[in-house]
Structure formats: structure tokens, C-alpha cells
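Survey of secondary and tertiary structure
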Amino acid sequence: IQDPLNGHFEGYYDAGIEDVFDTPPAHKRAELEAAAAYYHMEDSDADTILQELPDDHGTHAVLTGDGFRSLTLSEVHSWRLYGDGRIHGMLVDDERVSETPVLPGDDCLYAAEEHAEFRYFFQHRIANKIKEEDPDALAALALLRET
């Protein structure tokens, strides 16, 4: 919470070796460079969506507008990669759902990071502990409260 990123962290988790990287691992960088070369990717406009992948890890976004006195946990539906390298966790706006199932790229999706109440991403284990009102998880959330 006292870190220079204000508690926000985005990285790469490799389940095979149970390690977290804060920069792309060499094998992932090589994989992406090979894919870009194969598909002849060129520089693109910053807002061009290059790829959108479903979230299959159960990531949740935490939204709060009152300093963590109350919060909403929303499942991340997909991850969207833009031409300038930005990656956004996409959430479903239930009011705008016109067809089901909701698929990556649907108009009812919006970027969590652009929502005024977005604070953090949590993995599914932490999100489930919060939903279950686990005492340790609730105590950790209490530390996040803004005074």
C-alpha cells in the first residue's frame, strides 16, 4: 500500500513455475515478437485494438467511490491490448448488454482503468475471500480506507 505505484500492480504470472514478473519474461517477449513478424504488424494508432483475450484467471476489479467504506467487485471479462501498448481490463456494463453471451469486443464492455471508481485488480482467490467476508481479507481492506 505504501509502494510508489499506490498499491497498483500489473504483471505476468507464470502458473507453471508459480512466479510473478513485473516485466515481460524473455520467452513471452520472443513469442510476441515472432507473432508480430509473422503477421507483419506495423506501428498502429494508439487507440487501435490489436488483440482482446478473455480473462480465464478470474481477475476482479475493485470499484469504490467512498474510500473503501463500500466497494463493488466486478469480474474482468477480457483484456484489451492497444496499439500504444496499453492493456485494459474490460468489465461488462450490465445496462448495455444486448446479446449473450458477452464476447470480447462487445459494445457493452468498458475499461476498468477508465472508470472513476476503479482502484485495484485482485486475483480470484483474494476476491473470493472478500466475498466470503474472510476476517483477514476484511482487515486488509480496512487498511485501504482513505481517511
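Worth saying up front: this structure is predicted, and the values here are computed from it rather than measured.

1. A short note on the overall build of the chain
Scanning the chain from terminus to terminus reveals three helices and nine strands. Every one of the 147 residues in the chain was classed for burial, and the buried ones make up 24%. The long-range fraction of contacts in the chain, counting pairs at least 24 apart against all pairs at least 6 apart in sequence, stands at 54%.

2. Looking at the sheet that holds strand S4 (residues 60-63)
The strand order across the open sheet formed by three strands is S5-S4-S9, and the pairing between neighbours is antiparallel. Strands at the two margins of the open sheet, each flanked by one partner only, are strand S5 (72-75) and strand S9 (118-122). Within the sheet, the average angular offset between the axes of one strand and its neighbour, ignoring direction, is 30 degrees. Relative to S9, S4 runs antiparallel, the two sharing four bridges. Bridge pairing in S9 places Leu63 opposite Phe118. Helix-sheet contacts for helix H2 (residues 124-131) involve S4, S5 and S9, and the interaxial angle to S9 is about 110 degrees.

3. What to know about the sheet that holds strand S7 (residues 87-92)
Strand order in the open sheet formed by four strands is S3-S6-S7-S8, with antiparallel pairing between adjacent strands. Every other strand in the sheet has two partners, leaving strand S3 (49-54) and strand S8 (109-111) as the edge strands with one partner each. The sheet shows a mean angle of 30 degrees between the axes of neighbouring strands, taken without regard to direction. Both strand S6 (residues 78-82) and S7 contribute to a ladder of four bridges, which runs antiparallel. Paired with Leu81 across the two strands is Ile87, which belongs to S7.

4. Here's the deal with the environment of Leu91
As for its position among the elements, Leu91 is in strand S7. As for Leu91 and Tyr110, which are separated by 19 residues in sequence, their C-alpha atoms are 5.4 Å apart. If we skip the residues at most four places from it in the chain, Leu91 touches Ala61, Leu63, Ser74, Glu75, Val76, Cys108, Leu109, Tyr110 and Ala112.

5. Let's talk about the pattern of salt bridges
Applying the stated criterion across every chain yields a total of two salt bridges. One salt bridge connects Asp84 with Arg86, and the closest N-O pair in it is separated by 2.9 Å.

6. Some points on the confidence of the model for the chain
On average, residues of the chain carry a pLDDT of 82, and 88% of them reach 70 or more. Highest mean pLDDT in the chain belongs to S8 (97); lowest belongs to strand S1 (residues 12-14) (72). Here residues 1-6 is modelled with pLDDT under 50, and outside its nearest four sequence neighbours on either side it reaches five contacts, counting other chains as well.

Thresholds applied
Residues numbered from 1 in each chain as written. Predicted model: local features only at pLDDT ≥ 70, side-chain atom pairs only at ≥ 80, totals over all residues. Heavy atoms only, no water. Helix = DSSP H or I, 4+ residues; strand = E, 2+ residues; numbered from the N terminus. Buried < 20%, exposed > 50% of the residue type's maximum accessible area, 1.4 Å probe, protein only. Contact = heavy atoms within 4.5 Å. Pairing = 2+ DSSP bridges. Axes fitted to C-alpha atoms, helices over the stretch in contact; angles between N-to-C directions. Salt bridge = Lys/Arg side-chain N within 4 Å of Asp/Glu carboxyl O. pLDDT = per-residue confidence, 0-100.

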